[in-house]
Amino acid sequence: MIHGVDPTFLVQVELLECPGHAAARAWLHAAMTQGSQPFALAPQVLTEFVHVVTDPRRFSQPLSMDAALDKAQGWWEASEVRPVYPTLDSTRLALLWLRQHRLGRERLLDPQLAATYYSAGITRLLTLNFTDFEIFGVFKSAR
């Protein structure tokens, strides 16, 4: 089963000061050594990852822009990663979910990412905020 990666999981894996860093790294290591299916990654995850890990208001030791971009590129180009992209259908679904669940401007990425993954047949997510995705009724937590 392919796991869709959320920005929160990448942040947890990559930043030492993020709570649960060691557990996330251990989960990732175990998944990789067990020959797990590839990870799905949408481009919007990488831009949100860079936005978060370079923010000095969130972290005492944020990454530099170059370091964040290097890590994002490393994930994007990893052999274990299957890129998935928004489509016409996923965009329609994201707009439907925004309206249906009355999500506001602070919740724009979640339905777009959820719809991108769901339209690509991905129903298991690696995220710290699974409750953000439960509302859509189609996902299971991968951890």
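Remember, it's a predicted structure, so these values are computed and weren't measured experimentally.

S.K.: Any chance you could explain the packing of aromatic side chains here in plain terms?
M.R.: Two measures describe an aromatic ring pair: the distance that separates the ring centres and the angle between the ring planes. Applying the stated criterion across every chain yields a total of seven aromatic pairs. Between the aromatic rings of W76 and Y85, the centroid separation amounts to 6.0 Å while the plane-to-plane angle is 80°, which identifies the pairing as edge-to-face. Looking at W76, the relative accessible area reads 26%, which means it is partly exposed. Grouping aromatic residues by their ring pairs yields a cluster made of W97, Y118, F133, F136 and F139.

S.K.: Please explain the pattern of salt bridges as it appears in this structure.
M.R.: Think of it this way: side chains of opposite charge can pair up when their charged atoms draw near. Counted by the stated rule, this structure contains six salt bridges. Here R57 and D55 are joined by a salt bridge, their closest N and O atoms 3.2 Å apart. On the basis of relative accessibility, which here comes to 75%, the residue R57 falls in the exposed class. Put simply, D55, R57 and R58 are held in one network by salt bridges that share partners.

S.K.: Looking at this structure, how should I read the environment of A67?
M.R.: Tracing the backbone shows A67 in helix α4 (residues 65-77). Between the alpha carbons of A67 and D89 there is a distance of 34 Å; along the sequence they are 22 residues apart.

S.K.: Explanation requested: the sheet that holds strand β5 (residues 140-141) in the structure shown.
M.R.: Paired through backbone hydrogen bonds, the strands of a sheet run either parallel or antiparallel to each other. Here five strands make up an open sheet; going across it, the order is β3-β2-β1-β4-β5 and the pairing parallel. The sheet is open, and its two borders are formed by β3 (81-83) and β5, each paired with just one other strand. The pairing of strand β1 (residues 3-5) with strand β2 (residues 39-41) spans two bridges and is parallel. Within β2, the position partnered with G4 by the bridge is A40.

About the cut-offs
- Residues numbered from 1 in each chain as written.
- Predicted model: local features only at pLDDT ≥ 70, side-chain atom pairs only at ≥ 80, totals over all residues.
- Heavy atoms only, no water.
- Phe/Tyr/Trp six-rings, centres within 6.5 Å; stacked < 30°, edge-to-face > 60°.
- Buried < 20%, exposed > 50% of the residue type's maximum accessible area, 1.4 Å probe, protein only.
- Salt bridge = Lys/Arg side-chain N within 4 Å of Asp/Glu carboxyl O.
- Helix = DSSP H or I, 4+ residues; strand = E, 2+ residues; numbered from the N terminus.
- Pairing = 2+ DSSP bridges.

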